[in-house]
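Next come the chains, spelled out residue by residue.
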Amino acid sequence: MVIDIHAHANYYGLTCEKLIENMDQYGIDKAWLLTLETPDPEYAYSYHKCTFVTKDGPIPFSTSIGFQDPDHRFILGYGPDPRKPDSIYRMEAAIDLYNVKVYGEIMLRMMYDNLDAIRMFRFCGKRKIPVIVELKYGIEGESQTPFTDFWYGGGIEVFERALRQCPDTIFFGHGAGFWAHISGDDRYDKENYPTGPIVPGGKLIELMRRYDNLYLDLSAGSGLNAMKRDLSFTKEFLDEFQDRACYGRDFIDNAHQEFLNSLGLKQEIMDKIYYQNAIKLIPLD
Ligand SMILES: [Zn+2]
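Numbers given for residues are sequential positions, taken from 1 along each chain in its written order. The model is predicted, so local features are restricted to residues of pLDDT at least 70 and side-chain atom pairs to those at 80 or more, both for listing and for counting; the totals for chains, interfaces and linings are taken over all residues. Note that the side-chain values use all heavy atoms of the structure and ignore hydrogens as well as water.

**Focus on the overall build of the protein chain**
By definition, any uninterrupted DSSP run of H or I lasting at least four residues is a helix, any uninterrupted run of E lasting at least two residues is a strand, and each is numbered from the N terminus. Secondary structure summary: the protein chain contains 11 helices and eight strands in total. Only the C-alpha atoms count toward the radius of gyration. The rule for a globule is 2.2 Å times the residue count to the power 0.38. Its C-alpha atoms give the protein chain a radius of gyration of 18 Å, near enough to 19 Å, the size a compact globule of 285 residues would have. In terms of principal-axis extent, the alpha carbons of the protein chain reach across some 45 × 45 × 40 Å. Within the structure as shown, the protein chain displays about 12600 Å² of accessible surface, and the carbon and sulfur contribution to it stands at 51%. Taking the average location of the 31 positive side-chain charges in the protein chain and that of its 43 negative ones, the two points are 3 Å from each other. Each accessible area is a Shrake-Rupley result for a 1.4 Å probe, and residues are judged covered by the shown protein chains and nothing else. In this tally Asp and Glu are treated as negative and Lys and Arg as positive; neither His nor the chain ends contributes. By convention, the charge on Lys lies at NZ, on Arg at CZ, on Asp at CG and on Glu at CD.

**A closer look at the packing of helix 8 (residues 220–228) against helix 9 (residues 231–240)**
Interaxial distance between helix 8 and helix 9 falls to 7 Å at its minimum, and their mutual angle equals 110°. The angle between the axes of helix 8 and helix 9 places the two elements in the roughly perpendicular class. Residue-level inspection shows Ala226, Met227 and Lys228 of helix 8 in contact with helix 9, the latter providing Leu231, Thr234 and Leu238. Residues are sorted three ways: Asp, Glu, Lys and Arg are charged, Ala, Val, Leu, Ile, Met, Phe, Trp, Tyr, Cys and Pro are nonpolar, and all the rest, Gly among them, are polar. Among the residues forming the contact of helix 8 with helix 9, the class breakdown is four nonpolar, one polar and one charged. Axis lines are fitted to C-alpha atoms, over the contacting stretch for helices. Their N-to-C directions set the angle, which ranges from 0 to 180 degrees. Any angle that falls under 35 degrees is termed roughly parallel, while one over 145 is termed roughly antiparallel, one within 65 to 115 roughly perpendicular, and all others oblique. Here, residues are in contact when the closest pair of their heavy atoms is within 4.5 Å.

**Description of the coordination of the zinc ion**
Because no water is among the atoms considered, metal sites can look incomplete, with donors defined as N, O and S atoms within 2.8 Å of the metal, or 3.2 Å for Na, K and Ca. Listed as protein donors to the zinc ion are His6 (NE2), His8 (NE2), Glu105 (OE) and Asp250 (OD); their distances from the metal cover 2.0 to 2.5 Å. Geometry at the zinc ion is irregular, judged from the four donor atoms that bind it and their angles of 82 to 174° at the metal. Of note, the donors binding the zinc ion are all from one chain and are spaced H-x1-H-x96-E-x144-D. By the criteria applied here, four donors are tetrahedral when all angles lie between 85 and 135 degrees, four are square planar and six octahedral when opposite donors are over 155 degrees apart and every other angle lies between 65 and 115, and any other arrangement is irregular.

**Re the environment of Asp4**
Looking at where Asp4 falls in the secondary structure, it is placed in strand 1 (residues 3–8). In this structure, the C-alpha to C-alpha distance between Asp4 and Gly248, residues 244 residues apart in sequence, is 4.4 Å. The contacts of Asp4, once residues within four sequence positions are left out, are Ile28, Lys30, Ala31, Trp32, Tyr247, Gly248 and Arg249.

**Describing helix 1 (residues 16–25)**
For the exposure calls, accessible area comes from a 1.4 Å probe over protein chains only, and a residue counts as buried if that area is under 20% of its type's maximum, exposed if over 50%, partly exposed in between. For helix 1, the set of buried residues is Cys16, Leu19, Ile20, Asn22 and Met23. Looking straight down helix 1, one finds its buried side chains confined to an arc of 160°; they lie on one side. Structural note: helix 1 exposes Glu17, Glu21 and Gln25 on the side pointing more than 90 degrees away from its buried face. Buried-residue contacts for helix 1 involve strand 1, strand 2 (30–34) and strand 3 (74–78). Once helix 1 finishes, Gly27 follows within two positions and takes phi at roughly 65°, a positive value. What the arc covers is the set of directions going from the helix axis to the C-beta atoms.

**Some points on the pattern of salt bridges**
Working definition: two side chains of opposite charge can pair if their charged atoms are close together. By definition, a salt bridge exists where a carboxyl oxygen of Asp or Glu is found within 4 Å of a side-chain nitrogen of Lys or Arg. Applying the stated criterion across every chain yields a total of 20 salt bridges. Residue Arg127 pairs with Asp96 through a salt bridge whose shortest N-O separation is 2.8 Å. Taken together, the residues span a long stretch of sequence, with Arg127 in the loop between helix 4 (115–126) and strand 5 (131–134) and Asp96 in helix 3 (residues 87–98) at a distance of 31 residues. The partner of Arg209 in a salt bridge is Glu240, and the shortest N-O contact between them spans 2.8 Å. A residue pair is termed long-range when its members are at least 10 positions apart, and Arg209 in helix 7 (residues 203–210) and Glu240 in helix 9 qualify at 31 residues. By relative accessible area, which is 57% here, Arg209 ends up exposed. By sharing partners, the salt bridges in this structure join Glu160, Lys203, Glu206 and Arg210 into a single network.

Written as structure tokens, this is what we have:
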């Protein structure tokens, strides 16, 4: 079995039927369908290239609700902006009325230890809802627009404060500002996708060892790039954290499976990454 823990509705033009076809093509049985309700103007305008952005953000929950599949291939996620005072009511309704099982993803220009965010994360912990957050540093010169950069979450130390304050909540680390810390070098706030050998002492490793409520979302260019930096390191890394690493794409291609399958990991580890860890958090109905 394969579960993609990071998928989106109407992403890159894939309607419900096309996404199911795409999943069949790559042997993906189930997908967590996450929202992206980042308010304008906090999202990068490049989102206009991969989705139809609405007033509720690039990938609103209303779109995911429309992805109904008789075989229950989709597990719904929803990430309302916790700065909105009614966000917990919205989340509760999504859980109780629409069987939402994940909070996320959130990609917000906000410190993730913001009081309202902590309140939401703790609520999710109580309801046994894992949380997926995108972390990103503002990289100078990455935007065409002067004075605009796109940072989310406020950095790895801020994320650590949220982890510490919400020990009963499962968090998935995701995004360039999380994965760059796989290495102990100083490139994390200078480029989104640093390459080259891993320098020991990465903050991500330290957090994984210290907080057992932290999980790895291997998806996107950020996860794949980090894993490709140093193959022998990656094999040890996935061995050490085999109980908290989950396969995901955040895209519509097969690059993550091709890479993971090429590593020569033990089948037992592959099974955990591909589906067992995901099922442990969200048992199949
Ligand atoms: Zn995503």
